[in-house]
Amino acid sequence: MNKRWKRMINFTVLWLIVGFGLWFSQQWMKTKCSDQSLSMHWSKEQDYAQIRAFFSKDREISKQEIQTAEEEMNVILQQNGRTDEAEQDWISAYSTQGQLTVSGEKMTETMQAIGVGGDFFFFHPFVLKTGTWFDSNKNTTPMVVLNETAAWKLFGSLNVEGMEVEIEGEPYSISGVIQLERNPFLEKTGALESQIYLAYDQLKKHRDNVGITCYEIIMPNPIQQFALTTIKKQAIFSENDVELVEHSDRFSIKKRIQELPDFFTRSMKQNEIYYPFWENETRAWEQVWDLILIIQMIWGIVGISFIIVLIKTVDCKNLLLLRKGCIGSPSENATKLWIKPTNNRF
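Residues numbered from 1 in each chain as written. Predicted model: local features only at pLDDT ≥ 70, side-chain atom pairs only at ≥ 80, totals over all residues. Heavy atoms only, no water.

Moving on, we get to the overall build of the protein. The helix and strand inventory of the protein stands at eleven helices and ten strands. Classification of the 346 residues of the protein by burial places 42% in the buried group. Partitioning the contacts of the protein with sequence separation of at least 6, the portion at a separation of at least 24 is 75%. When the accessible surface of the protein is summed, it comes to about 20,000 Å², and 55% of that surface belongs to carbon and sulfur atoms. (Helix = DSSP H or I, 4+ residues; strand = E, 2+ residues; numbered from the N terminus. Buried < 20%, exposed > 50% of the residue type's maximum accessible area, 1.4 Å probe, protein only. Contact = heavy atoms within 4.5 Å. Areas by Shrake-Rupley, 256 points an atom, 1.4 Å probe, with all protein chains shown as cover.)

As structure tokens, then:
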């Protein structure tokens, strides 16, 4: 085997290793953005859509406005035979953020407070270090969930389930502690700092001026764009200071290729839309995914070019041998390759 063929084999092996590495990176990233494909867990037939709406803080969307919009959407779904009054065929959540002063056994700290409603913890399946979630829909006793940073600062321990914190003089029972997932993107979003989760109504009691900034829904999508169009028909989702994002195919190859032209300008904000930390993290992963996709395209072009060069190299070598008379027709070549000469004596 000459040096040229050795180099070609080495290049092929390297090319395959790079390709596998790129594919593995994308599969790993999917685990980091598992909350983007919840509609597939809701229905394996892929006839549901997962949509998020982000509002500006100035809108001050109320809980009543969300309920009114959901009632109107439910009517549309009933008219299309996708749900009935007896059984709701969709799930939703809403949230907002503010600042609250929280006191524990060791200290008092002003931290980020996330007011949640609906099935928030279904849409955001954080890993619990200890304890359980509270149900914001049936939460008669004021309860909260802390992240690890807040638990350590307020109590010096993570085993704080059942203990109490005070928020501006009012006691709240601790339901659980969220385990922090450390990655550079989350650190930049501020999610690793002290955080407390409580029911939206409880946050509203302490900060009357906060409005809902994020709404999420998984709903039937029997035909393409049906769910998104249904949501856009509602008044609160049709204004200029709201952004709708469909997550059902957010990391599909088709969707990512469509958004590649905006790769360098996507991070430029020209509105007052407020993105919570989980959306900012997802957008950061989007940038990484698109960068990998660009590398994959280059990888594919290199592979195709290599195959073309390889074919031409083999053809040129055969042509040269033909001119020298070293090879003949296919039948002659087969004879030379497979029939060994014998020494017959007569």
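The next thing to look at is the pattern of salt bridges. Within the structure shown, the criterion is met by nine salt bridges. We note a salt bridge from Glu109 to Lys153, for which the minimum N-O separation is 3.4 Å. Here Glu109 is found in strand S3 (residues 108-118), whereas its partner Lys153 is found in helix H5 (residues 148-155), with 44 residues between them in sequence. A salt bridge links Lys205 to Glu170, with the nearest nitrogen and oxygen atoms 3.1 Å apart. You can see Lys205 sitting in helix H7 (residues 200-206) and its partner Glu170 sitting in strand S7 (residues 170-178), a full 35 residues away along the chain. A residue is classified by how much of its surface remains accessible, and Glu170, at 31% relative accessible area, is partly exposed. The network of salt bridges with common partners includes Arg52, Glu216, Glu243, Glu279 and Arg283. (Salt bridge = Lys/Arg side-chain N within 4 Å of Asp/Glu carboxyl O.)

It is worth spelling out the side chain of Ser175 at this point. Checked against the element boundaries, Ser175 lands in strand S7. The class of Ser175 is buried, set by a relative accessible area of 3%. Polar side-chain contacts of Ser175 include one of 2.5 Å to the backbone oxygen of Thr132. Those residues within four positions of Ser175 in sequence are excluded, and the remaining contacts are Gly131, Thr132, Trp133, Phe134, Met143, Val144, Val145 and Glu161. (Polar contact = N/O pair within 3.5 Å; in protein donor to acceptor, adjacent residues only side chain to side chain.)

A word on H5. Here H5 lies mainly inside the structure; six of its eight residues are buried. When we look at burial in H5, the residues that qualify are Glu148, Thr149, Ala150, Ala151, Leu154 and Phe155. Phi for Gly156, located one or two positions after H5, is positive at around 70 degrees.

Here we come to the pairing of strand S5 (residues 143-147). Most of S5 sits out of view: four of its five residues are buried. For S5 and S7, the ladder comprises five bridges, and the chain directions are parallel. Across the sheet, the residue bridging to Met143 is Ser173, located in S7. Bridging between S5 and strand S8 (residues 195-199) involves three bridges; their strand directions are antiparallel. Considered in S8, the bridge of Leu146 is made with Ile196. (Pairing = 2+ DSSP bridges.)

Bringing the confidence of the model for the protein into the picture now. In this model, the protein carries a mean pLDDT of 81, and residues with pLDDT of at least 70 account for 79%. Counted against residues more than four places away or in other chains, residues 334-340, with its pLDDT under 50, gives three contacts. (pLDDT = per-residue confidence, 0-100.)

Of all the eight residues making up strand S1 (residues 48-55), eight are buried; the element is thus mostly covered by neighbouring parts of the structure. Of the two faces of S1, the one lined by Tyr48, Gln50, Arg52 and Phe54 and the one lined by Ala49, Ile51, Ala53 and Phe55 are each fully buried. Sheet topology note: the S1/strand S9 (residues 214-220) ladder contains seven bridges and is antiparallel. Across the sheet, residue Ala53 finds its bridge partner in S9, namely Tyr215. Direction of pairing for S1 relative to strand S10 (residues 242-246): antiparallel, over a ladder of five bridges. Counted as the bridge partner of Ile51 is Glu246 from S10.

Moving on to the packing of aromatic side chains. Where two aromatic rings form a pair, the distance of their centres and the angle of their planes describe that pair. Counted under the stated rule, the structure contains 20 aromatic pairs. Ring centres of Phe20 and Phe24 lie 6.3 Å apart, and the angle between their planes is 25 degrees; on these two criteria the pair is classed as stacked. Remark: Phe24 and Phe20 occur in helix H1 (residues 3-32); sequence separation between them is four residues, near one turn of the helix. Of the residues examined, Phe20 reaches a relative accessible area of 52% and is grouped as exposed. Put simply, the rings of Phe120, Phe121, Phe126, Trp133, Phe134, Tyr197, Phe277 and Trp278 pair up and form one aromatic cluster. Stacked on the ring of Tyr275, the Lys or Arg Arg283 has its end atom at 4.2 Å from the ring centre. (Phe/Tyr/Trp six-rings, centres within 6.5 Å; stacked < 30°, edge-to-face > 60°. Lys NZ or Arg CZ within 6 Å of the ring centre and 35° of its normal.)

Tracing the backbone shows Leu244 in strand S10. Expressed as a C-alpha distance, the spacing of Leu244 and Phe54, which sit 190 residues apart in the sequence, is 6.6 Å. Excluding residues within four positions of it along the chain, Leu244 makes contact with Arg52, Ala53, Leu228, Ile231, Lys232 and Phe237.

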